[in-house]
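Each chain, letter by letter, is given below.
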Amino acid sequence: MNRPYVICHMMSSVDGRIDCPMTAKLKGVEDYYTTLAKLEAPSVLSGRVTAELELALPGKFTDAKTYVASEIYKQNLKAQGYNIVVDTKGTLLWPKQDGQDTPTLVITSLKASCEYLAYLDEQKVSYIVTGQDHIDLKRALEILKTHFNVQRLAVVGGPLINGGFLAQHLLDEVSIVIGAGIDGRSGQVGVFEGLKHDGTPISLNLKEVKALDSQAVWLRYSL
């Protein structure tokens with residue numbers, strides 16, 4: 001398959017929890033970004049919930065009348081790397097992308113409306129539309145490499161999009177910064193969620209383990 005090299009890069013507590021307000025208080029939180037830079041992946045991909053909290057403008061796009069009929073992609077701004085966001089129905093709002101070093105690129109499905117794509121064009125946001133009811137991640141990766149020249153991609157959450165890439169065998173590497181702290185609260189999500197299997201864990205191969213000055217630990221595994 002012609003696709004980018006894909007790394008899932010996350011930060012968790014020792015007990016594997018990834019709640020953002022909690023991880024922001026862990027020893028080693030600053031190492032998350034320094035280790036991300038060392039992965040040499042200029043494009044990063046987020047799920048809708050993470051992007052809504054950290055990247056998108058407030059509000060939702062609601063002026064939907066007609067819907068996309070077939071797969072399409074458009075590169076409104078060429079870049080060395082992109083902030084890629086998975087938004088299945090096409091609802092998030094974005095600032096105009098003029099002058100952005102790492103512009104936004106939205107991946108959506110055929111549930112997105114033509115009006116939303118016109119809005120993305122106005123904001124100079126590049127996009128990929130693929131998949132009928134759900135985003136076709138495999139096809140999206142092919143388009144990212146072939147038409148947007150994305151060679152290395154870091155998937156940076158949340159847990160469902162991480163799990164989606166893992167379930168479809170689209171990850172080459174898992175990179176985890178484990179901060180020096182424990183969450184311990186019930187009901188908190190982990191790095192990967194939503195997988196369906198018989199209880200047999202997915203096997204990983206250790207590439208590297210590094211103790212950091214902050215008392216965090218950086219683990220890298222290949223699949």
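Refer to the structure printed above.
Enquirer: Can you help me understand the nonpolar core in this one?
Expert: Within soluble globular proteins, side chains that are nonpolar generally end up buried alongside one another. Of all hydrophobic cores here, the largest spans 30 residues; its most connected members are Leu45, Ile107, Leu144 and Phe165. Listed by contribution, the elements that provide at least two residues to this core are strand 1 (5–12), strand 5 (83–86), strand 7 (104–108), helix 5 (137–148), strand 9 (152–155), helix 6 (159–167) and strand 10 (173–178). Ignoring anything within four residues of it in the chain, the contact list for Leu45 reads Ile84, Val86, Ile107, Leu153, Ala154, Val155, Val156, Gly157, Ile161 and Phe165. Core analysis: the second largest hydrophobic core is formed by 17 residues, Val68, Leu110, Tyr119 and Leu120 among them.

Enquirer: Before we go on, may I ask you to explain the packing of aromatic side chains in this structure?
Expert: Under the criterion given, the structure shown has six aromatic pairs. Residues Phe61 and Tyr116 carry aromatic rings whose centres are separated by 5.2 Å and whose planes lie at 70° to one another, so their mutual orientation is edge-to-face. On the criterion of sequence distance, the pair formed by Phe61 in the loop between strand 3 (57–60) and strand 4 (72–74) and Tyr116 in helix 4 (residues 114–122) is long-range, its members being 55 residues apart. Taken as a pair, Phe61 and Tyr116 share a single burial class, namely buried. Ring centres of Tyr82 and Phe148 lie 5.8 Å apart, and the angle between their planes is 85°; on these two criteria the pair is classed as edge-to-face. Note that Tyr82 is positioned in the loop between strand 4 and strand 5 and Phe148 in helix 5, a separation of 66 residues in sequence. Given a relative accessible area of 0%, Tyr82 falls into the buried group. Since its relative accessible area comes to 3%, Phe148 is described here as buried. Through a chain of ring-to-ring contacts, the aromatic side chains of Phe61, Tyr116 and Tyr119 assemble into a single cluster.

About the cut-offs
- Residues numbered from 1 in each chain as written.
- Predicted model: local features only at pLDDT ≥ 70, side-chain atom pairs only at ≥ 80, totals over all residues.
- Heavy atoms only, no water.
- Core = buried A, V, L, I, M, F, W, Y, C linked by side-chain atoms within 4.5 Å.
- Buried < 20%, exposed > 50% of the residue type's maximum accessible area, 1.4 Å probe, protein only.
- Helix = DSSP H or I, 4+ residues; strand = E, 2+ residues; numbered from the N terminus.
- Contact = heavy atoms within 4.5 Å.
- Phe/Tyr/Trp six-rings, centres within 6.5 Å; stacked < 30°, edge-to-face > 60°.

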